[in-house]
Amino acid sequence: MRDLKYLGYFENLLREANNELIVQAKKDGKVCVAFVCENTPEPLMNLDGTFSIRLSAPNTGSMDIATYYMTSFLCETSRALLERAIEGGFNFADCVIAPDGCTMINRCVENMELLKTMGQGNDRFFHQYMEIPLKADENGVELLKLQCKNHILTPLNRAYGIDTSDSAIRKAVAEHNEICSLIRTIGDFRKEERPRITGYEFHVLTLATYLAPKYLIVDKLRETLEEVKARIPDEKCAHRARVVVVGSEIDDLDFTRTVEQSGALIVADRFCFGALPGRQEIPLREGEPALRQICRFYQQSSQCPRYMARDKVLDRREFVYRLVKEYHADGVLYEALKFCEFWGYERPLASHILTEEMGVPTVCVDRQYTGSASGQLRTRVQAFVESLE
């Protein structure tokens with residue numbers, strides 16, 4: 001297939017944490033709200049005058065300094081982010097929002113604050129720590145609403161004068177929904193027998209919506225959608241199997257590239273930084289505050305293993321099974337960063353049940369934050385592909 005027009009442009013954006021669009025948005029006078037977890041409602045960080053950036057550390061090398069502060073037994077994502085912060089790589093941020101999605105990422109941000117890695121010269125800079133419910137019920141909705149008000153909306157209003165009214169939130173949701181609609185519509189082409197977009201290309205586009213100001217890329221996403229609609233797929237698919245990738249956060253393009261070069265086409269992405277369900281439109285109705293509806297939606301739609309209620313545990317397995325059927329996948333690749341506490345216990349049982357009780361072939365892989373172990377990954381994926389043929 002012909003290369004997508006803006007694929008190289010988006011790839012270049014993702015090579016730097018402080019990419020050119022962040023620089024442009026800051027010049028536009030926007031407030032950069034940095035966050036570190038999918039459980040933080042994005043529309044609340046993209047109100048008029050603000051834009052959200054999920055922190056990432058591309059091209060990570062040594063993590064020795066972060067390891068000194070956090071030990072080698074914490075996941076590499078938390079250490080890579082702290083290392084980049086110590087290097088001064090996140091100085092573009094005007095605040096950081098950190099929910100207790102996991103203790104490791106929370107400890108990472110606490111170290112950022114203690115070491116004063118950000119906010120130099122900005123006396124309005126703040127760190128905020130949110131408490132995320134463990135159960136998705138109405139009590140959890142009330143708790144999340146209170147946390148969002150106290151740790152996102154009120155600090156933004158007091159420090160930077162941001163309008164946090166219901167109408168401002170609804171406008172932000174509408175803009176968020178357009179991004180989600182574009183990404184999900186592009187992603188739906190992966191359901192085809194001969195997909196018009198690869199998993200790698202889709203990962204690039206999706207990552208850009210997390211790591212760049214959305215208002216500066218929406219026009220290119222619109223154009224890319226029209227391009228994909230008119231794209232003619234290859235007569236013969238170069239991949240030997242179709243897989244759903246499930247697990248912890250993947251902001252490393254080398255991972256998806258290696259998986260697909262090993263013969264497995266990624267047709268669905270159920271991982272942090274993915275589109276399922278991370279790029280799902282948020283429905284709003286009149287008669288109820290938008291904030292409460294957003295909180296309820298995030299709780300009900302979340303597939304994060306932090307939610308430990310039995311109904312959520314069962315729903316996560318059913319969700320993966322539905323993806324397998326909907327995207328016509330041959331198997332599931334469960335991945336987890338080494339020492340990831342939540343996926344560390346979610347992955348073994350879920351993969352076992354999916355294989356033994358639901359009849360879906362699975363493979364489990366441990367991975368590092370960067371692609372330094374791509375040889376091992378390639379061997380595992382190639383063996384899995386052969387077992388599916």
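To keep things clear, this report deals only with the structure shown in the data block.

Criteria and thresholds
- Residues numbered from 1 in each chain as written.
- Predicted model: local features only at pLDDT ≥ 70, side-chain atom pairs only at ≥ 80, totals over all residues.
- Heavy atoms only, no water.
- Buried < 20%, exposed > 50% of the residue type's maximum accessible area, 1.4 Å probe, protein only.
- Helix = DSSP H or I, 4+ residues; strand = E, 2+ residues; numbered from the N terminus.
- Pairing = 2+ DSSP bridges.
- Right-handed = clockwise from strand over helix to strand, strands pointing away.
- Salt bridge = Lys/Arg side-chain N within 4 Å of Asp/Glu carboxyl O.
- Axes fitted to C-alpha atoms, helices over the stretch in contact; angles between N-to-C directions.
- Contact = heavy atoms within 4.5 Å.

**Points about the pairing of strand E4 (residues 126-130)**
- Among the 5 residues in E4, 4 count as buried, and that is most of the element.
- For strand E3 (residues 95-99) and E4, the ladder comprises 5 bridges, and the chain directions are parallel. Paired with Cys 95 across the strands is Phe 126, a residue of E4.
- Once you follow E3 into helix H5 (residues 103-114) and on to E4, the crossover reads as right-handed.

**Digging into the pairing of strand E5 (residues 241-247)**
- Counting buried residues along E5, 7 of its 7 residues qualify, which places the element largely inside the surrounding structure.
- Across 7 bridges, the pairing between E5 and strand E6 (residues 264-271) is parallel. Among the inter-strand pairings, Val 246 is bridged to a residue of E6, identified as Arg 270.
- Once you follow E5 into helix H10 (residues 253-261) and on to E6, the crossover reads as right-handed.
- As judged from the 5 bridges shared by E5 and strand E7 (residues 331-337), these two strands associate in the parallel manner. Following the sheet pairing, Val 243 is matched in E7 by Gly 331.

**Remarks on the pattern of salt bridges**
- Taken as a whole, this structure holds 31 salt bridges when the rule is applied.
- In this structure, Arg 316 engages Glu 346 in a salt bridge whose closest nitrogen and oxygen atoms are separated by 2.9 Å. Of this pair, Arg 316 sits in helix H12 (residues 310-326) while Glu 346 sits in helix H13 (residues 341-356); the two residues are 30 residues apart in sequence, bridging distant segments of the chain.
- In this structure, the salt-bridge partner of Asp 366 is Arg 347, at a minimum N-O distance of 3.1 Å. A residue pair is termed long-range when its members are at least 10 positions apart, and Asp 366 in strand E8 (residues 362-367) and Arg 347 in helix H13 qualify at 19 residues.
- Overall, the relative accessible area of 56% leaves Asp 366 in the exposed class.
- A single salt-bridge network, built from bridges that share partners, covers Glu 138, Glu 142, Lys 145, Arg 285, Glu 288, Arg 292 and Arg 296.

**Considerations on the sheet that holds E4**
- Strand order in this open sheet of 4 strands is E2-E1-E3-E4, and the pairing throughout is parallel. At either end of the open sheet lies a strand with only one pairing partner, and these are strand E2 (50-54) and E4. For this sheet the average axis-to-axis angle between neighbouring strands, irrespective of direction, equals 25°.
- Judged from the 3 bridges that link them, strand E1 (residues 31-35) and E3 form a sheet pairing that is parallel. Across the sheet, the residue bridging to Phe 35 is Ile 97, located in E3.
- The sheet strands contacting H5 are E3 and E4, and the helix crosses E4 at an angle near 160°.
- Along the sheet, helix H6 (residues 138-160) contacts E1, E3 and E4; its crossing angle with E4, the most-contacted strand, is approximately 170°.

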